[in-house]
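Inside the fold
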Amino acid sequence: MPTRAARALAIVTISAVILVIGGCVGGSRATGTPGQSTQSLSVGGLTRTFHIYRPDGISEPAPLVVMLHGGYGDGAQAERAYRWDAQADTGRFVVAYPDGLDRAWNAGSCCGRPARTGVDDVAFLSAMVGVIEQQIPIDTTRVFVTGMSNGAMMALRLACQSALFAAVAPVAGTLLTSCSGAAPTSVLQIHGAADDRVPYGGGPGKALTAAGLPRVDGPSAESVNATWRTIDGCAPPVSSTSGDVTTQRADCPAGKTVELITVAGAGHQWPGGIANPVVEKVAGLPPPSTALDATTTIWQFFSQHHL
């Protein structure tokens, strides 16, 4: 059976073939240039876009973090809201902010047009990683994916169905696709205990009707965590609490870990993110919790893992 690294290489190779067959790679600025840039590529007959932030002075192979926006968001919004550029400057890594089709991702049974029409977002995101690796010195053993809400669901789908990512970190998401045959992967979940859109305890959440998004109905945060502990063959989790933050950590073979961070009183938001009063009012969402800096916490987790 091929190794995980071999499968990852195969996917990158396939991604490059998709780009040659499907069309072009273009953009307003070369990805290899430090700073911000935007590019587009064609996958499955669709033109897809993504944004890159590359800190100045990176010359050796660097980690890559893929940040997936939530439903009704986009890559530019995620770049503004979740403070990943500043974290990249400190941690010396590259960040990709892809755009979902019609502001959504096909994470399985959710969300929007991508789920209704069967858009292959796994192929798009795999191809995007392949393109970035061709243009920037990326350490292919340290490619990671995180996401918010629908983006978190997509991150979990990638964990189940892709071999590219050394670790995944969904925030306010759930698992809405088959994970049979998934390879062991380090997973960090962050979830607010008071989330009413993707309930911590599972089941149907409150619909984001103002944004035109559907009601999410999936397993609980703890059930998703248990699924990954089974996949990874982990030891029983150990729990600790500091203020409003409770962490369950399970150590697993080959240096992998599976963690669940629960933030008491937090709703459907990115803890430590930048508040947007207009969006929060329209969607009926609380401001981000200040009990945890999710971006810093996720990067600390990612920095401990590689393929």
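Here is a short report on the structure shown in this document. Sequence order as written defines residue numbering, which begins from 1 separately in each chain. Owing to the predicted nature of the model, reporting of local features is limited to residues with pLDDT of at least 70; listing and counting of side-chain atom pairs is limited to 80 or more, with chain, interface and lining totals taken over all residues. To get the side-chain values, all heavy atoms of the structure are used, and hydrogens and water are removed first.

Some details on the pattern of salt bridges
Using the following cut-off: The term salt bridge refers to a side-chain nitrogen of Lys or Arg lying within 4 Å of a carboxyl oxygen of Asp or Glu. Only DSSP runs of H or I covering at least 4 residues are called helices, and only runs of E covering at least 2 are called strands; the numbering of each starts at the N terminus.
This structure, assessed with the given rule, holds 7 salt bridges. With a shortest N-O distance of 3.5 Å, D74 and R103 are connected by a salt bridge. Linking D74 in the loop between β4 (62-68) and α2 (75-81) with R103 in the loop between β5 (94-98) and α4 (112-117), this pair joins segments that are 29 residues apart in sequence.

Description of empty space enclosed by the protein
Going by this rule: Grid spacing is 1 Å over the protein atoms alone, the probe is 1.4 Å, and a cavity is where that probe fits but cannot get out, while a pocket is an open set with protein on both sides within 12 Å along at least five of seven lines and lining residues have an atom within 4 Å of a point. Grid points are joined across faces, edges and corners, and a volume is the space filled by probe spheres set on the points. Three residue categories are used. Nonpolar comprises Ala, Val, Leu, Ile, Met, Phe, Trp, Tyr, Cys and Pro, charged comprises Asp, Glu, Lys and Arg, and polar comprises the others, including Gly.
Considering all chains together, one arrives at 2 cavities of 30 Å³ or more under this definition. Taken as a whole, the second largest cavity spans an internal volume of roughly 40 Å³. Residue lining of the second largest cavity: L156, P170, A172, G173, T174, Q189, I190, H191 and V224, and that is the complete set. Per-element accounting of the lining of the second largest cavity gives the leading share, 3 residues, to strand β8 (residues 186-192). Its residues assigned to classes, the lining of the second largest cavity shows 5 nonpolar, 4 polar and no charged.

Quick word on the packing of helix α3 (residues 84-91) against helix α9 (residues 294-302)
Selection criterion: Helix axes are fitted only over the stretch in contact, all axes being lines through C-alpha atoms; the angle between N-to-C directions runs from 0 to 180 degrees. With respect to orientation, any angle under 35 degrees is reported as roughly parallel, any angle over 145 as roughly antiparallel, any angle of 65 to 115 as roughly perpendicular, and every other angle as oblique. By definition, any crossing whose near helix is turned counterclockwise from its far helix by less than a right angle is left-handed, and any crossing with a clockwise turn is right-handed. Here a residue-residue contact requires only that any non-hydrogen atoms of the pair lie within 4.5 Å.
For the pair α3 and α9, the least separation of the axes is 10 Å and the interaxial angle reads 40°. Judged by the angle between their axes, α3 and α9 are oblique. Handedness of the α3/α9 crossing: right-handed. Contact residues: α3 offers W84, Q87 and G91, while α9 offers T295, T296, I298 and W299. Here the residues of the contact of α3 with α9 are counted per class, giving 3 nonpolar, 4 polar and no charged.

Things to note about the nonpolar core
The line we're drawing: In these notes, a set of buried Ala, Val, Leu, Ile, Met, Phe, Trp, Tyr and Cys residues joined through side-chain atoms within 4.5 Å is what counts as a nonpolar core. Only protein chains enter the accessibility calculation, which uses a 1.4 Å probe. A residue is then buried if its area is under 20% of the maximum for its type, exposed if over 50%, and partly exposed in between.
Membership of the largest hydrophobic core comes to 44 residues, with the highest contact counts inside it found for L64, V66, L68, M128, I132, F165 and W228. Only β2 (35-43), β3 (46-54), β4, β5, α5 (121-135), β6 (138-148), α6 (150-161) and α7 (221-232) provide two or more residues apiece to this core. With 9 residues, the single largest contributor to this core is α5. If we skip the residues at most four places from it in the chain, V66 touches A96, P98, M128, V129, F144, V145, T146 and F165. Within the second largest apolar cluster, 31 residues are counted, among which are V65, I190, V263 and F301.

Some words on the packing of aromatic side chains
To keep things clear, this is the line we draw: The rule is short: rings of Phe, Tyr and Trp, with Trp giving its six-membered ring, pair when the centres are within 6.5 Å, and they are stacked under 30 degrees, edge-to-face over 60, tilted in between. Sitting over a ring, as applied to charges here, requires NZ of Lys or CZ of Arg to be within 6 Å of the ring centre and within 35 degrees of the ring normal.
Counted under the stated rule, the structure contains 7 aromatic pairs. Ring geometry for Y82 against W270: centres 4.6 Å apart, planes inclined by 25°, an arrangement best described as stacked. On the criterion of sequence distance, the pair formed by Y82 in the loop between α2 and α3 and W270 in the loop between β13 (257-263) and α8 (277-283) is long-range, its members being 188 residues apart. Through pairs of rings, three or more aromatic residues link up here, namely W84, F93, F144, W299, F301 and F302. The lysine or arginine in question, R48, covers the ring of F124, its NZ or CZ lying 4.1 Å from the ring centre. Taking the ring centre of Y72 as reference, the NZ or CZ of R103 above it sits at 5.9 Å.

Some remarks on the side chain of H69
Structurally, the position occupied by H69 is in the loop between β4 and α2. For H69, a relative accessible area of 0% translates into the label buried.

Details of the environment of L260
When you line up the elements, L260 lands in strand β13. Classification of L260 as buried rests on a relative accessible area of 0%. In sequence terms L260 and A221 are 39 residues apart; their C-alpha atoms lie 7.9 Å from each other. Contacts of L260, omitting those with residues within four sequence positions, involve Q189, Y200, A221, E222, N225, T246, T247 and Q248.

Considerations on the pairing of β3
How we decide: Two strands pair under a simple rule: DSSP has to find at least two bridges between them.
In this sheet, β3 lies alongside β2 in antiparallel orientation, the contact comprising 9 bridges. Bridge pairing in β3 places V43 opposite L46. The loop that links β2 with its antiparallel partner β3 comprises 2 residues; one of these, G44, has a positive phi angle of about 60°. For β3 and β5, the ladder comprises 4 bridges, and the chain directions are antiparallel.

Points about α5
Our working rule: Working rule for helices: expected span equals 1.5 Å times residues minus one.
With 15 residues, α5 should reach 21 Å at 1.5 Å per residue; the first-to-last C-alpha distance of 21 Å fits that figure. Taking burial as the measure, the 15 residues of α5 include 13 buried ones, the bulk of the element.

Remarks on the state of the cysteines
Worth spelling out the cut-off: The disulfide definition used here is simple: a pair of cysteine sulfur atoms within 2.5 Å.
Tallying each qualifying case throughout the model produces 3 disulfides. Each sulfur of the disulfide joining C160 and C179 lies 1.9 Å from the other. Because the sign of the S-S torsion sets the handedness, a value of about -95° for the bond joining C160 and C179 places this disulfide among the left-handed ones. Here C179 lies in the loop between β7 (167-171) and β8 and C160 lies in helix α6, a separation of 19 residues in the sequence. Here the two residues C160 and C179 agree in accessibility, since each one is buried. There is a disulfide in this structure between C234 and C252, and the S-S distance comes to 2.0 Å. On the S-S bond that ties C234 to C252, the torsion sits near 85°, and the link is right-handed.

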